[in-house]
Each structure stands twice: as structure tokens, then as C-alpha cells.
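# Structural overview
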Amino acid sequence: MNLATKNKNPEIYFQENTLLGKIKHAREIISDAIEEYGDKVQVACSFGKDSMVVVHLALQIKPDVKIFTVVTPFKPKETFEYKDQMIQHYNLNLVEFMSKEKVDKNLPKTNPDKCCRILKVEPTKEAVKNLDAWICGLRNTEGRTRKNYQEVEEKGGLVKINPILNWTELDIWRYMAIYNIPIHPFYAKGYRSLGCEPCTNMISDIEPEREGRWIGTSKCGGECGIHTMSLKQ
Ligand code: SF4
């Protein structure tokens, strides 16, 4: 098929494996979730690139969509600054959660599972305790632990919706460029997946994005727990 013929058939650009097709599909999933769950669904946002795409998709459907974020004292100051910029830029209807428990500064290295449980999992439980569903920016090409998720999952009475599950890293950056979404400054330094400062490292471009997380620990390339544990216990 030559370009002239293609241009007469715009439907081709909306097929399942094209970016436009993925955008259309993600919007439909988010729209259905908002219609079904109303105020009982919120978007989770870590202010990484994938979260920002999901937030942007949801804002197109409901400009005052409810969003929550979980922050920790170990997040880089640039993430706090970027968060504040994005709240203002998109007028986000956002609630912030942070553990009140103090943790030792060495805990990320000595016991990252415990650190993530205190600083990430418990505050996320608090964030979702009155919700029926949450919308996440999880993608199945991010890393070895993310291959088997479903677009819609249910765990312990909480539905999780993953509207960009089959998007690639390139899809994310294309979307960010097309919609002119401001970018967290750490991506310009070479990072590909952002988390807390002690547990986030740069990696080569040929490794899965999450391989830079928790390097040197048993959790390397893995999960903080919010996607693997039941949050409604
Ligand atoms: S990512 Fe690291 S610093 Fe952040 S909560 Fe988990 S172990 Fe602690």
C-alpha cells in the first residue's frame, strides 16, 4: 500500500497496535471506569512519565478527575518541585499521602521491603481505603515483574485499571511530545524509571526500564508492593 492509498484510509492509524489506536482504547477504558465508579475511582500518580500520561488521558475525559499521590521522604527534591509544577500547570484535583512513621536513613539499603511497606504500601492502603477502583500507569514492558498484569484486575474488593498496559516506552515519549507534557528533569539526565533517590539508578538503554530500581538488593528490578499486595486488608 503506498502513502497516497494509506491517506485515503485514516482508519489504519487507529488500529490496535498504533499509538492512536492505543490512545483511543485507553480513553475508552478510563471513560468507562469513571462512568462506572464515579467518585469511587481515582488516578494514582507518582509523577513519573507513565503516571503523567495516564493523568493527562484522564484529564481529557474529566478535567477535575480525582488523583492521589504517595510521597516519601526519600523522593528527590526535583520530584517534589515537579509535582508542585504539575499541580499548578494542570490544576490537578490531587490528594497527597505520606507516612507519619519515621524510618532510619539506612533502611532503603538494609531492608527495602520494610521501607517500601512503611513508606509506600501503607500510605497507598490509606489512599484507596474508601475507593472501589484506582487507575494506574503500569505497563507490561517496564520490567520482568510486570509481564502478566491485566487491563482490569480485582484484588480484595479493589478494582485496578491499567489503561496503558500495552504501551511501549516509545509510545509514552511520543504521547508526551505530541501533547507537550512537561518532563521531570531526571529524564534529561538519563534516568528511565523514577522512584526514591536511594533506590533509583541509571541503566543502559537495552535493559528493561525498571532494572535501575533497587540495584544491589533482593528487590532489584522488582516492585515496591503496591501492585502485588492486597490493599484492602
Ligand atoms: S523505594 Fe527505596 S526509599 Fe522508597 S520506600 Fe522503597 S525502599 Fe524506601
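Just above, that's the structure.
Residues numbered from 1 in each chain as written. Predicted model: local features only at pLDDT ≥ 70, side-chain atom pairs only at ≥ 80, totals over all residues. Heavy atoms only, no water.

As summarised here, the arrangement of the six strands in space is β3-β2-β1-β4-β6-β5, forming an open sheet in which the pairing is mixed. The open sheet has two edge strands, β3 (93–97) and β5 (152–155), and neither has a second partner. In this sheet, adjacent strand axes meet at a mean angle of 30° when their direction is disregarded. Pairing between strand β4 (residues 133–135) and strand β6 (residues 158–161): three bridges, direction parallel. Directly across from Ala133, in β6, lies its bridge partner Val159. Along the sheet face, helix α6 (residues 112–128) touches β2 (66–70), β3, β4 and β6 and points at about 160° away from the line of β2. (Pairing = 2+ DSSP bridges. Helix = DSSP H or I, 4+ residues; strand = E, 2+ residues; numbered from the N terminus. Axes fitted to C-alpha atoms, helices over the stretch in contact; angles between N-to-C directions. Contact = heavy atoms within 4.5 Å.)

With that settled, the discussion passes to the packing of helix α3 (residues 49–61) against helix α7 (residues 169–178). It is the contact of α3 with α7, at a shortest axis distance of 10 Å, that shows an interaxial angle of 55°. On the basis of their axis angle, the class for α3 and α7 is oblique. Read as a crossing pair, α3 and α7 show a hand that is left-handed. Contact residues: α3 offers Lys49, Asp50, Met52, Val53, His56 and Leu57, while α7 offers Glu169, Ile172, Trp173, Tyr175 and Met176. Classifying every residue of the contact of α3 with α7 gives seven nonpolar, one polar and three charged. (Parallel < 35°, antiparallel > 145°, perpendicular 65-115°, else oblique. Left-handed = near helix turned anticlockwise from the far one by under 90°. Nonpolar A, V, L, I, M, F, W, Y, C, P; charged D, E, K, R; others polar.)

The next thing to look at is empty space enclosed by the protein. Per the counting criterion, the structure on display carries five cavities of 30 Å³ or more. Roughly 530 Å³ of volume is contained in the largest cavity. What lines the largest cavity is a set of 32 residues, among which Ser46, Ser51, Arg146, Ile226 and His227 lie closest to the centre. For the lining of the largest cavity, the elements supplying multiple residues, two or more each, are α3, β2 and α6. Across the lining of the largest cavity, the residue classes break down as twelve nonpolar, nine polar and eleven charged. (1 Å grid on protein atoms, 1.4 Å probe; cavity = no way out; pocket = protein on both sides within 12 Å on 5 of 7 lines; lining within 4 Å. Points joined across faces, edges and corners; volume = space filled by probe spheres on them.)

Quick look at the packing of aromatic side chains now. Counted under the stated rule, the structure contains seven aromatic pairs. Ring plane angle 80° and centroid distance 5.0 Å describe the contact between Trp173 and Tyr187, whose orientation is recorded as edge-to-face. Within this pair, whereas Trp173 is found in helix α7, its partner Tyr187 is found in helix α8 (residues 185–189), the two being separated by 14 residues in sequence. Among the residues examined, Trp173 registers a relative accessible area of 25% and is labelled partly exposed. Between Tyr175 and Tyr179, the aromatic rings sit 4.5 Å apart at their centres with planes inclined by 40°, giving tilted as the arrangement. The exposure class assigned to Tyr175 is buried, which follows from its relative accessible area of 0%. Tyr179 gets classed as partly exposed once you look at its relative accessible area, which sits at 30%. Taken together, the aromatic side chains of Phe68, Phe97 and Trp134 make up a single cluster linked through ring pairs. (Phe/Tyr/Trp six-rings, centres within 6.5 Å; stacked < 30°, edge-to-face > 60°. Buried < 20%, exposed > 50% of the residue type's maximum accessible area, 1.4 Å probe, protein only.)

What follows covers the environment of Val103. The topology assignment puts Val103 in the loop between β3 and α5 (107–110). Spatially, the C-alpha atoms of Val103 and Glu197 are 15 Å apart, while their sequence positions differ by 94 residues. Each residue touching Val103, except ones within four places of it in the same chain, is listed here: Phe74, Ile118 and Leu119.

This paragraph deals with the site of the ligand. Taken together, the neighbourhood of the ligand is formed by Phe74, Pro108, Pro112, Cys115, Cys116, Leu119, Lys120, Cys196, Cys199 and Trp214. Counting residues per element, the shell around the ligand draws most heavily on α6, which supplies five residues. Counted by class, the shell around the ligand contains nine nonpolar, no polar and one charged residues. (Near = heavy atom within 4 Å.)

Here Asn91, not a glycine, exhibits a phi torsion of approximately 50°, which is positive. Asn91 gets classed as exposed once you look at its relative accessible area, which sits at 63%. Look at Asn180: it is not a glycine, yet its phi comes out positive at around 55°. Tracing the chain through its elements places Asn180 in the loop between α7 and α8. Its relative accessible area of 63% is what places Asn180 among the exposed residues.

Glu169, Asp171, Ile172, Tyr175 and Met176 are the residues of α7 that are buried. Take α7 and look down its axis: the buried residues cluster within an arc of 160°, on one side only. Among the exposed residues of α7, those oriented more than 90 degrees off its buried face are Leu170, Ala177 and Ile178. On its buried face, α7 sits against α2 (19–37) and α3. Directly after α7, the chain includes Asn180, whose backbone phi takes a positive value near 55°. (Arc of directions from axis to C-beta.)

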